[in-house]
Amino acid sequence: MGNLNKEIRDGDHPDITEERLKSTFDTHKMAAQIYNSQRAADRRNEITSAVLKIPELQDIKPLPFLSREEKVEEAARKIGILSEHLYDLVNVNDGAELYHLNNVVIGGEGNPLALHGVMFIPVLQAQATDEQKKKWLYRAMKREIIGTYAQTEMGHGSNLRKLETTATYDKATEEFVLNSPTTTSMKWWPGNLGKSTNYAVVVATLIINEKDYGPHSFMVQLRDENTHKPLPNIEVGDIGPKMAYNATDNGFLKLNHLRIPRTNMLMKHVKVEKDGTYIKPPHAKMSYSAMVHVRAHMNNTMAYFLASSLTIAVRYSSIRRQGHINPKEPEVKVLEYQTQQHRLFPHIARAYAFSFAGAETVRLYEKVKKDMESGETELMADLHALTSGLKSVVTYLTMQGIEQARQSCGGHGYSMASYISEIYGIAIGGCTYEGENMVMLLQLARYLMKAAKAVKEGKKVEGLVGYLSAPDNRHSLIDRTPEKSYDTYLKTFEHIARQQIFRAFDKLEKMLTSGLPHSEAWNKCSVELTRASRLHTRLFIAQAFARRVHDVVDFHIKEALDDLLHLHLNYELLDVASYALEDGHLCGEQMNFIRSELYRSLGKIRPNAVSYVDAWELSDMELRSVLGRRDGHVYENLYKWAQNSSLNRTDVLPVFEKYLKPLMMSARKNSKL
Ligand SMILES: CCCCCCCCCC/C=C\CCCCCCCCCC(=O)SCCNC(=O)CCNC(=O)[C@H](O)C(C)(C)COP(=O)(O)OP(=O)(O)OC[C@H]1O[C@@H](n2cnc3c(N)ncnc32)[C@H](O)[C@@H]1OP(=O)(O)O
Ligand SMILES: Cc1cc2nc3c(=O)[nH]c(=O)nc-3n(C[C@H](O)[C@H](O)[C@H](O)COP(=O)(O)OP(=O)(O)OC[C@H]3O[C@@H](n4cnc5c(N)ncnc54)[C@H](O)[C@@H]3O)c2cc1C
């Protein structure tokens, strides 16, 4: 039998090999859990190996040394080369393969086709009629045209009902007139809008006979297909540098009374007839499908970002030696410190949890998408509630985890050589895009309040909120169950979420009864409401983790996942324990029990720590991190990496003659006086 950890190679740093030899599970079999099948895990590695054989697809130099313009150019260069090899490298109908290819070759900072693939094509698939698909979708899929999704404006992103861009129907010419009447009505932020795309699905407020029908989607050609020059009545450009995503040209767009044919409105579900008659869609929010598409996939992208930074931090912590635990012994790997383990291991567990919760979410999304094709909309509300909560909680916890990973690498974590700061910048965009986190938590809260009302009225609720009508224990039995039975943990999470949901509900009801208008009462309860949404979502994540562990057949994989789940449940419970202490559901003694289980878990995870992150099978090419190198040879490569700095091209910079020398000369002269 070979090594269980598949990353072991001759010549690696002995400290990291020592870690890998301790693995109790086969890391490639674990990858099958993370990527949902052995075939998917195999394909990732096959794609990486194939890419490594194509020299033009390698980074020209480490990305942090590129200027913004060079980053934009480099991503476009690679997209061009990828286009030639695409069919040999991936199954183009498999989103996971495309995403992996993107991560290996280009990385997270963006590319000209990102929004084309992530939103433009999905919105056409979901909202275009067959005729419209023939006109645009098939061309888009062949990349004859490149598009984006232009919804957010300078003045409005969250509140779609107040978008200022108008699409006014002109019955006489059977056209819509698209107009940006104010500075704040300019589209602002859409990815790749600035310079890369020649088409956009523009979301505008539909006006017919002076009546406002709310946001609708319209296909707009932005640029000439040959010259790429903006078409008349269109002003378009880049919004400038951002915290991250700087290979992406997020853009602005001003439409000056631009006329487009009536048939450019996406009309699969909703219609404006020639005479201006408006035909409603089967569900008012069907046009929000592209956003739900991205939200449904965000758990997995966040899990990936979190796992990337943890891979870097855990590998580095296994070769970084500093300080002593036993003064008579050599300096220890920093991974031996309990504080380091506490800082990193719970986030490893979260990365796995997000991936498992993500798989369930994508399954529900696929079902709803199929239903919607035939006009069936029953599960849309469930999906919207679930994805709203998850996108908010998962992006926020990912942000925390990545920052802990960075800090756990000490000074070198702050260097771009770690690449963690770039991953952080990219990942935290997710707290904002696809619905600002608080706004989306409040969307979930609407759903939870409806369920709470039903329960109060004596009705039974089911599905995601079924626990609200299930029996509850007054006191948690957490310390009175056999090891590896997680039922009592999950019941405790249920209790906490239920209590908070009803606390928010009661507060809201009291205010409404006192005569406060609904929107004011809602605002005054909104912190309590977002707490309810977070607790409900964290319960779902824990349940999804437990469901996955329950289903695993392979003994060693199950045992390793079980250890992570145990850590997850104890850590997460401590994080939210104040809610259960408040009403005596948990007592001080049980808190001690949870704490001691947590510390026991850290010890149990420790020997497998490197293998848990190796199991994500993130290649050096995609990690782009000196600290996270698979072979553990960090220090000599850190020195090599610094040689890329343009400041090192000469021993003496011109600024010396220009500024520093005169400064020192004058100081010396003064001190002689
Ligand atoms: C050749 C080489 C190939 C190489 C490969 C390339 C591959 C590329 C891969 C690239 C990989 C990665 C790239 C990653 C890029 C990053 C992508 C970033 C994308 C970011 C894009 C955006 O941000 S787009 C803009 C997003 N904007 C928002 O999300 C706005 C948020 N606001 C809203 O969604 C809405 O305004 C609102 C939901 C908050 C409110 O809407 P509204 O006012 O209309 O409704 P109400 O609040 O009144 O609610 C009414 C009822 O409607 C229900 N509702 C709302 N939404 C939905 C819904 N979607 N579904 C179902 N129901 C919904 C709501 O619940 C209310 O119900 P009731 O309570 O019953 O009344
Ligand atoms: C990296 C990145 C990529 C993006 N890509 C695209 C794209 O491709 N296409 C596109 O159309 N857009 C894109 N966006 C825009 C993005 O979708 C919006 O910025 C986002 O939806 C948030 O909206 P906002 O900017 O209006 O925030 P605001 O709503 O102005 O948020 C500001 C504050 O107000 C609070 N707030 C607002 N409304 C409420 C409320 N009702 N209740 C309580 N609090 C509230 C928020 O919680 C937040 O704290 C992108 C943004 C980023 C950062």
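Residues numbered from 1 in each chain as written. Chains lettered and ligands numbered in written order. Predicted model: local features only at pLDDT ≥ 70, side-chain atom pairs only at ≥ 80, totals over all residues.

Undergrad: Looking at this structure, how should I read the overall build of the chain?
TA: A count of helices and strands for the chain gives 22 helices and eleven strands. The C-alpha radius of gyration of the chain comes to 27 Å, within 12% of the 26 Å expected for a compact globule of 673 residues. When the backbone C-alpha atoms are referred to their principal axes, the chain occupies close to 90 × 75 × 70 Å. The buried share of the chain, taken over its 673 residues, is 47%. Put simply, of all contacts in the chain between residues at least 6 apart along the chain, 73% involve residues at least 24 apart. (Helix = DSSP H or I, 4+ residues; strand = E, 2+ residues; numbered from the N terminus. Rg over C-alpha atoms; globule rule 2.2 N^0.38 Å. Buried ≥ 20, exposed ≤ 12 C-beta atoms within 10 Å, placed from the backbone. Contact = placed C-beta atoms within 7 Å.)

Undergrad: Can you walk me through the domain arrangement of the chain in this structure?
TA: How big an interface is tends to be expressed through the accessible area that disappears when the partners come together. If you check the domain split of the chain, you get domain 1 (25–111), domain 2 (147–281) and domain 3 (290–459 + 489–613). Domain 1 and domain 2 are separated by 32 Å when their C-alpha centres are compared. Contacts between the two partners involve seven residues from domain 1 and, on the opposite side, eight residues from domain 2. (Domains from an automatic or database assignment.)

Undergrad: Would you mind showing me how to read the site of ligand 2 here?
TA: Taken together, 21 residues sit near ligand 2, with Gln-151, Thr-152, Gly-157, Ser-158 and Met-438 positioned nearest. Mapped onto the shell around ligand 2, the elements with two or more residues apiece are β1 (147–150), α12 (420–432) and α13 (437–456). It is α13 that contributes the most residues to the shell around ligand 2, three residues altogether. Of the residues that constitute the shell around ligand 2, the class distribution is ten nonpolar, ten polar and one charged. In terms of domain composition, the shell around ligand 2 takes at least three residues from each of domain 2 (147–281) and domain 3 (290–459 + 489–613). (Near = placed C-beta within 6 Å. Nonpolar A, V, L, I, M, F, W, Y, C, P; charged D, E, K, R; others polar.)

Undergrad: What is the right way to look at the nonpolar core in this model?
TA: Most often, soluble globular proteins keep nonpolar side chains buried together rather than apart. Of all hydrophobic cores here, the largest spans 181 residues; its most connected members are Leu-310, Ile-348 and Leu-564. Per-element tally for this core: the top contributor is helix α8 (residues 289–319), with 18 residues. Residues within four places of Ile-348 in sequence aside, it is in contact with Leu-310, Leu-564, Tyr-612 and Val-613. (Core = buried A, V, L, I, M, F, W, Y, C linked by C-beta atoms within 7 Å.)

Undergrad: What should I look at first to understand the packing of helix α16 (residues 526–551) against helix α17 (residues 555–582) in this one?
TA: Any two packed helices are characterised by the angle at which their axes cross and by the distance between the axes. One can describe the packing of α16 onto α17 by two numbers: an axis separation of 10 Å at closest approach and a directional angle of 165°. Regarding the angle of α16 to α17, the classification is roughly antiparallel. The element α16 and its partner α17 pack so that their crossing is left-handed. Residue-level inspection shows Leu-535, Arg-538, Ala-542, Phe-545, Ala-546 and Val-549 of α16 in contact with α17, the latter providing Lys-558, Leu-561, Asp-562, Leu-565, His-568, Leu-569, Glu-572, Val-576 and Tyr-579. (Axes fitted to C-alpha atoms, helices over the stretch in contact; angles between N-to-C directions. Parallel < 35°, antiparallel > 145°, perpendicular 65-115°, else oblique. Left-handed = near helix turned anticlockwise from the far one by under 90°.)

Undergrad: Sorry, what's going on with the environment of Asp-12 here?
TA: With respect to the helices and strands, Asp-12 occurs in the segment before α1 (14–21). It is 34 Å that separates the C-alpha atoms of Asp-12 and Asn-246, two residues lying 234 residues apart in sequence.

Undergrad: Help me understand the confidence of the model for the chain, please; the structure alone is not making it clear to me.
TA: Fine structural detail should not be taken from predicted coordinates in areas where pLDDT scores are low. For the chain, the average pLDDT comes to 97, and 100% of its residues sit at 70 or higher. Scoring of the predicted complex yields 0.98 for pTM and 0.97 for ipTM. (pLDDT = per-residue confidence, 0-100.)

Undergrad: Sorry if this is basic, but what is going on with helix α9 (residues 338–373) here?
TA: Since there are 3.6 residues in each turn of an α-helix, residues three or four apart along the chain are aligned in direction. If you check α9, its first and last C-alpha atoms are 52 Å apart, about what 36 residues at 1.5 Å a residue would give, namely 52 Å. Of the residues trailing α9, Gly-375 is marked for its positive phi of about 80°. (Expected span 1.5 Å × (residues − 1).)

Undergrad: What is the right way to look at the pairing of strand β3 (residues 175–179) in this model?
TA: The side chains of a regular strand alternate between both faces of the sheet. Here five bridges tie strand β2 (residues 166–170) to β3, and the two strands are oriented antiparallel to one another. Residue pairing for β3: Tyr-169 is matched across the bridge by Phe-176. Linking β2 to β3, which pair antiparallel, is a turn of four residues; within it Glu-174 sits at a positive phi near 55°. Taken together, the four bridges between β3 and strand β9 (residues 258–261) define a ladder with antiparallel strand orientation. Each bridged residue has a counterpart across the sheet, and for Glu-175 the counterpart in β9 is Pro-261. (Pairing = 2+ DSSP bridges.)

Undergrad: Can you help me understand the UniProt feature "active site" (unreviewed entry) in the chain in this one?
TA: Within the UniProt annotation, "active site" (unreviewed entry) is assigned to Glu-434. By the secondary structure assignment, Glu-434 is in the loop between α12 and α13. Under the C-beta neighbour-count criterion, Glu-434 is labelled buried, with 24 such atoms within 10 Å. Setting aside residues no more than four positions away along its own chain, Glu-434 makes contact with Met-291, Val-294, Arg-295, Met-298 and Lys-391. (UniProt positions renumbered as here; feature names shortened; annotations may be inferred.)

Undergrad: What exactly am I supposed to notice about unusual backbone geometry here?
TA: Among all residues except glycine, the phi angle is most often negative; among peptide bonds, the trans geometry is most common. Of note in this structure, Asn-209 is not a glycine but carries a positive phi near 50°. Take Asn-209: it is sitting in the loop between β5 (199–208) and β6 (211–221). Positive phi, close to 70°, is recorded for Asn-233, a residue that is not glycine. Of note, Asn-233 is situated in the loop between β6 and β7 (234–238).

Undergrad: What exactly am I supposed to notice about the site of ligand 1 here?
TA: Within the structure, ligand 1 sits among 35 residues, and Lys-285, Tyr-288, His-384, Tyr-433 and Gly-435 are positioned closest to it. Looking at the shell around ligand 1, the elements that each hand over two or more residues are α4 (68–89), α5 (95–105), α6 (114–127), α8, α10 (380–408) and α13. Here the shell around ligand 1 is built from residues that sort into 19 nonpolar, twelve polar and four charged.

Undergrad: Looking at this model, I keep getting lost on the environment of Arg-446. Mind explaining?
TA: Mapped onto the elements, Arg-446 comes out in helix α13. Sequence separation between Arg-446 and Ala-385 is 61 residues; the distance between their C-alpha atoms is 8.5 Å.

Undergrad: Please explain α10 as it appears in this structure.
TA: End to end, α10 covers 41 Å across 29 residues, agreeing with the expected 42 Å (1.5 Å per residue, within 8%). Of all the 29 residues making up α10, 21 are buried; the element is thus mostly covered by neighbouring parts of the structure. Backbone geometry just after α10 places Gly-410 at a positive phi near 55°.

Undergrad: Where do I start with the sheet that holds strand β8 (residues 251–255) in this structure?
TA: Two orientations exist for strands paired in a sheet by backbone hydrogen bonds: parallel and antiparallel. Taken together, three strands build an open sheet; the order of strands is β4-β8-β7 and the sheet is antiparallel. Strand pairing shows two members of the sheet lacking a second neighbour, β4 (187–188) and β7, which therefore form its edges. Direction of pairing for β4 relative to β8: antiparallel, over a ladder of two bridges. What sits directly across from Trp-188, in β8, is Phe-252.

Undergrad: What is the right way to look at the packing of α10 against α13 in this model?
TA: Interhelical geometry of α10 versus α13 gives an angle of 140° and a closest axis separation of 8 Å. Note that α10 runs across α13; the crossing there is left-handed. Counting all contacts with α10, which are made through Ala-381, His-384, Ala-385, Ser-388, Gly-389, Lys-391, Ser-392, Thr-395 and Tyr-396, the residues of α13 involved are Asn-437, Met-440, Leu-441, Gln-443, Leu-444 and Tyr-447. Classifying every residue of the contact of α10 with α13 gives seven nonpolar, seven polar and one charged.

Undergrad: Would you mind showing me how to read the environment of Leu-206 here?
TA: Relative to the helices and strands, Leu-206 is located in strand β5. Sequence separation between Leu-206 and Phe-218 is twelve residues, and the spatial gap between their C-alpha atoms is 9.7 Å. The contacts of Leu-206, once residues within four sequence positions are left out, are Ala-167, Tyr-213, Gly-214 and His-216.

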